[in-house]
Number of protein chains: 2
Amino acid sequence: MKKIGIVGGLTWLSTIDYYAAICRMGESYAAANGACAPLPAPELIIESLDVAHAFRCIGTDGDEASWRAFDAYHRDALLRLQAGGARLALLAANTPHHRFASIVRGVDIPVVNIFEEVAKTCAALAVTDVLVLGTALTMSSPVLRDAMARYAVTAFSPASAEDRSLVVEIIAELQTGSAPDARRRLADLSKRCFAERPHTRIAVSLACTELPLAFPDSNGAETFVRDDILYLNTSAIHARAAFDLAVHE
Amino acid sequence: MKKIGIVGGLTWLSTIDYYAAICRMGESYAAANGACAPLPAPELIIESLDVAHAFRCIGTDGDEASWRAFDAYHRDALLRLQAGGARLALLAANTPHHRFASIVRGVDIPVVNIFEEVAKTCAALAVTDVLVLGTALTMSSPVLRDAMARYAVTAFSPASAEDRSLVVEIIAELQTGSAPDARRRLADLSKRCFAERPHTRIAVSLACTELPLAFPDSNGAETFVRDDILYLNTSAIHARAAFDLAVHE
């Protein structure tokens, strides 16, 4: 199995989700192949960055130079993972994927792209439209929309500024560990957004690693249905894709 | 703050404890210094090894050559952390500390030693005798006993083979997530061992990262009292020592 590199810390809670998910998949894989305890675990390397520094480096779309520090901070971490023996890598957050093409420039190992893996999952589930909930940058990202469009999936975010603010607010609450009624609020918001798109097969992309915390009983499932809504856990989909690449290629 | 390197995966559950503990300490430290959300997080690098491979490489005391692969597996990970920019490091498990001197040979960054940090904690608490519960290798380790002795602390493990087996059994149960009555069984066992040493100030060293799972309400505290017994959470003590070194030196 190839050594997986993770650029983490964005935030560290979600890095734990990725790490635990990959280790659990490794154990299941080893057990299914007849291994005994202690079960072999995949070798991994994690570069955990400072999320506050990453946020300070966020640039302005249309001004390439303004992104230089942001891109370099993530790229340098990927290069250190590569030097440390990682044979594939991932950026464990949605936000930096807005700058994916620039970040991976000069990186020689494959970097698994979360937008692309979510798009593939949508296509496999015959989803035509996906409501993207995440940080302001993710919700407005043309890079995300283009990645979805390549798989014939239409990505959209809440139309009203009020609903977009509500998403950001719920994420902040989930980060602090106290988000009363988050599941119901997300369902109500999603159904408001669906109303504009009847006759489509819609899913909701939880495109920020805190959002699945609103569904504690989903147990890290890649996709799940609650309140008649199909939800996509983007980090679980991403971790699975990296594991599969590490094992099978 | 200096970048901390962690040799993890031994097992991955305990690596999560170390990582979460250091990130939480970093957030508290940043908040206490007036930082706002998103709180700055310490930069870290984690080399997560395959515990099954590490176990297969365990040698035999008295036969130095038999330890070569074990020592090299851990040392190479430390050297990769050093090359990746770590300015101090730790081995996130008790077991490899039995071979600490050999493992750190040729490593230029400080490596925080769990045996030594636990010994310092015992000395600070005026503990004279410490009951060591852990893997067979840890319980019988003269290296651990010597480290404690340097701080005038007498380390001992359960005298009867039956009690030593019971410890290993409870650890295995905790690893699977089902260890009925583990707290009571550990308390009973500890009190049996204490009976041989009246008139001493005793603590119980949970010298295997699974053992604190028997005390879910201890919330990662470095030391805590349950059933009139003073317990030491060795990985929490170790993580704190690494954090303090990263911040203050």
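Details of the structure are given in the entry above.
Keep in mind it's a predicted model, so treat the numbers as computed, not measured.

(A) Focus on the overall build of chain A. Within chain A, the regular secondary structure consists of 10 helices and nine strands. In terms of C-alpha radius of gyration, chain A reaches 18 Å, essentially the compact-globule figure of 18 Å for 249 residues. Principal-axis analysis of the C-alpha atoms places the extent of chain A at approximately 50 × 45 × 35 Å. Contacts in chain A between residues far apart in sequence, at least 24 positions, make up 70% of those at least 6 positions apart. Here chain A carries 23 positive and 29 negative side-chain charges, and the mean point of each set is 2 Å from the other.

(B) Expanded view of the interface of chain A and chain B. If you look at the interface, chain A gives 29 residues, while chain B gives 29 residues. Taking both partners together, chain A and chain B bury about 2400 Å²; carbon and sulfur atoms supply 60% of that area. For chain A, the biggest contributors to the area lost against chain B are A:Trp12, A:Tyr19 and A:Ser48; these three give 26% of the whole. Here chain A is connected to chain B by two salt bridges.

(C) Representation of the sheet that holds strand E1 (residues 4-8) of chain B in the model. Read from one edge of the open sheet, eight strands run E4(A)-E3(A)-E1(A)-E2(A)-E2(B)-E1(B)-E3(B)-E4(B), paired in mixed fashion. Only two strands of the sheet have a single partner each, and these edge strands are strand E4 (111-112) of chain A together with strand E4 (111-112) of chain B. Bridge count for strand E3 (residues 88-91) of chain A against E4(A) is two bridges, and the pairing is parallel. Looking across to E4(A), one finds that A:Leu90 is bridged to A:Val112. Against the sheet, helix H1 (residues 12-32) of chain A contacts strand E1 (4-8), strand E2 (44-48) and E3 of chain A together with strand E2 (44-48) of chain B, and its axis sits at roughly 180° relative to E2(A).

(D) The arrangement of the environment of A:Pro142 in detail. Residues and elements named next belong to chain A. Structurally, Pro 142 can be placed in helix H7 (residues 142-149). Look at Pro 142 and you get partly exposed, because its relative accessible area is 41%. For the pair formed by Pro 142 and Ala 155, sequence separation is 13 residues and the distance between their alpha carbons is 9.4 Å.

(E) Structural view of the sheet that holds strand E7 (residues 202-206) of chain B. Residues and elements named next belong to chain B. Ordered in space as E6-E5-E7-E9-E8, the five strands form an open sheet in which the pairing is mixed. Looking along the sheet, the strands with just one partner apiece sit at the ends: strand E6 (154-156) and strand E8 (223-226). Averaged over all pairs of adjacent strands, the angle between their axes in this sheet comes to 30°, without regard to strand direction. For strand E5 (residues 129-133) and E6, the ladder comprises three bridges, and the chain directions are parallel.

(F) Representation of the pattern of salt bridges. Under the defined criterion, the tally for this structure stands at 28 salt bridges over all chains. As a salt-bridge pair, A:Arg240 and A:Asp244 come within 3.9 Å of each other at their nearest N and O atoms. Taken together, the residues span about one helical turn, with A:Arg240 and A:Asp244 both in helix H10 (residues 234-248) at a distance of four residues. Owing to a relative accessible area of 32%, A:Arg240 belongs among the partly exposed residues under this scheme. A residue is classified by how much of its surface remains accessible, and A:Asp244, at 30% relative accessible area, is partly exposed. Where B:Arg99 meets B:Glu64, a salt bridge forms, and the shortest distance between an N and an O atom there is 2.9 Å. On the criterion of sequence distance, the pair formed by B:Arg99 in the loop between strand E3 (88-91) and helix H4 (100-103) and B:Glu64 in the loop between helix H2 (51-56) and helix H3 (68-83) is long-range, its members being 35 residues apart.

(G) Highlighting the relation of the copies chain A and chain B. After a rotation of 180° and a shift along the axis of 0.0 Å, chain A superposes on chain B with an RMSD of 0.0 Å. Here the transformation between the copies is reduced to the relation of a two-fold axis. Residue A:Ile46 of chain A places its C-alpha closer to the rotation axis than any other residue of that unit, at 2.5 Å. When the interface residues of chain A are mapped onto chain B, 100% of them again lie at the interface, so the same face is used by both copies.

(H) Examining the packing of H1(A) against helix H1 (residues 12-32) of chain B more closely. Look at H1(A) against H1(B): their axes get within 11 Å of each other, and the N-to-C directions meet at 175°. Between H1(A) and H1(B), the angle is such that the two are roughly antiparallel. For the pair formed by H1(A) and H1(B), the contact residues are A:Trp12, A:Thr15, A:Ile16, A:Tyr19, A:Ala20, A:Cys23, A:Arg24 and A:Glu27 on the first element and B:Trp12, B:Thr15, B:Ile16, B:Tyr19, B:Ala20, B:Cys23, B:Arg24 and B:Glu27 on the second. Per-class residue counts for the contact of H1(A) with H1(B) are 10 nonpolar, two polar and four charged.

(I) Main features of the pairing of E8(B). Only one face of E8(B) is buried, namely the one carrying B:Phe224 and B:Arg226, since none of B:Thr223 and B:Val225 on the opposite face is buried. The turn joining E8(B) and strand E9 (residues 229-233) of chain B, which pair antiparallel and follow one another in sequence, is formed by two residues; a positive phi near 55° is taken by B:Asp227.

(J) Quick peek at the packing of aromatic side chains. Residue and element names in this part refer to chain B. Per the stated rule, a full pass over the model turns up 12 aromatic pairs over all chains. Ring plane angle 45° and centroid distance 4.5 Å describe the contact between Phe 215 and Tyr 231, whose orientation is recorded as tilted. With Phe 215 in the loop between E7 and E8 and Tyr 231 in strand E9, the pair connects residues that are 16 residues apart, well separated along the chain. Here Tyr 231 falls in the buried class, since its relative accessible area comes to 0%.

(K) Highlighting the nonpolar core. Counting 82 residues, the largest nonpolar core has A:Ile6, A:Val130, B:Ile6 and B:Val130 as its most contacted members. Beyond its immediate stretch of four places on either side in the chain, B:Ile6 contacts B:Tyr18, B:Ile22, B:Leu44, B:Ile45, B:Ile46, B:Glu47, B:Leu81, B:Leu90 and B:Ala92. Judged by nonpolar contacts, the second largest core, of 48 residues, contains A:Cys57, A:Leu91, B:Val7 and B:Leu49.

(L) Seen up close, the environment of B:His238. All names here are of chain B. Relative to the elements of secondary structure, His 238 occurs in helix H10 (residues 234-248). In this structure His 238 comes out as buried when scored by relative accessible area, which is 0%. Residues His 238 and Phe 115, 123 residues apart in the sequence, show an inter-C-alpha distance of 8.6 Å. Apart from residues lying up to four places away in sequence, His 238 is in contact with Tyr 18, Leu 90, Leu 91, His 97, Val 112, Asn 113 and Ile 114.

Rules of the game
- Residues numbered from 1 in each chain as written.
- Chains lettered and ligands numbered in written order.
- Predicted model: local features only at pLDDT ≥ 70, side-chain atom pairs only at ≥ 80, totals over all residues.
- Heavy atoms only, no water.
- Helix = DSSP H or I, 4+ residues; strand = E, 2+ residues; numbered from the N terminus.
- Rg over C-alpha atoms; globule rule 2.2 N^0.38 Å.
- Contact = heavy atoms within 4.5 Å.
- Lys, Arg positive; Asp, Glu negative; His and termini not counted.
- Charge placed at Lys NZ, Arg CZ, Asp CG, Glu CD.
- Buried area = accessible area lost by both parts, 1.4 Å probe.
- Salt bridge = Lys/Arg side-chain N within 4 Å of Asp/Glu carboxyl O.
- Pairing = 2+ DSSP bridges.
- Axes fitted to C-alpha atoms, helices over the stretch in contact; angles between N-to-C directions.
- Buried < 20%, exposed > 50% of the residue type's maximum accessible area, 1.4 Å probe, protein only.
- Least-squares fit on C-alpha atoms with pLDDT ≥ 70 in both.
- Parallel < 35°, antiparallel > 145°, perpendicular 65-115°, else oblique.
- Nonpolar A, V, L, I, M, F, W, Y, C, P; charged D, E, K, R; others polar.
- Phe/Tyr/Trp six-rings, centres within 6.5 Å; stacked < 30°, edge-to-face > 60°.
- Core = buried A, V, L, I, M, F, W, Y, C linked by side-chain atoms within 4.5 Å.

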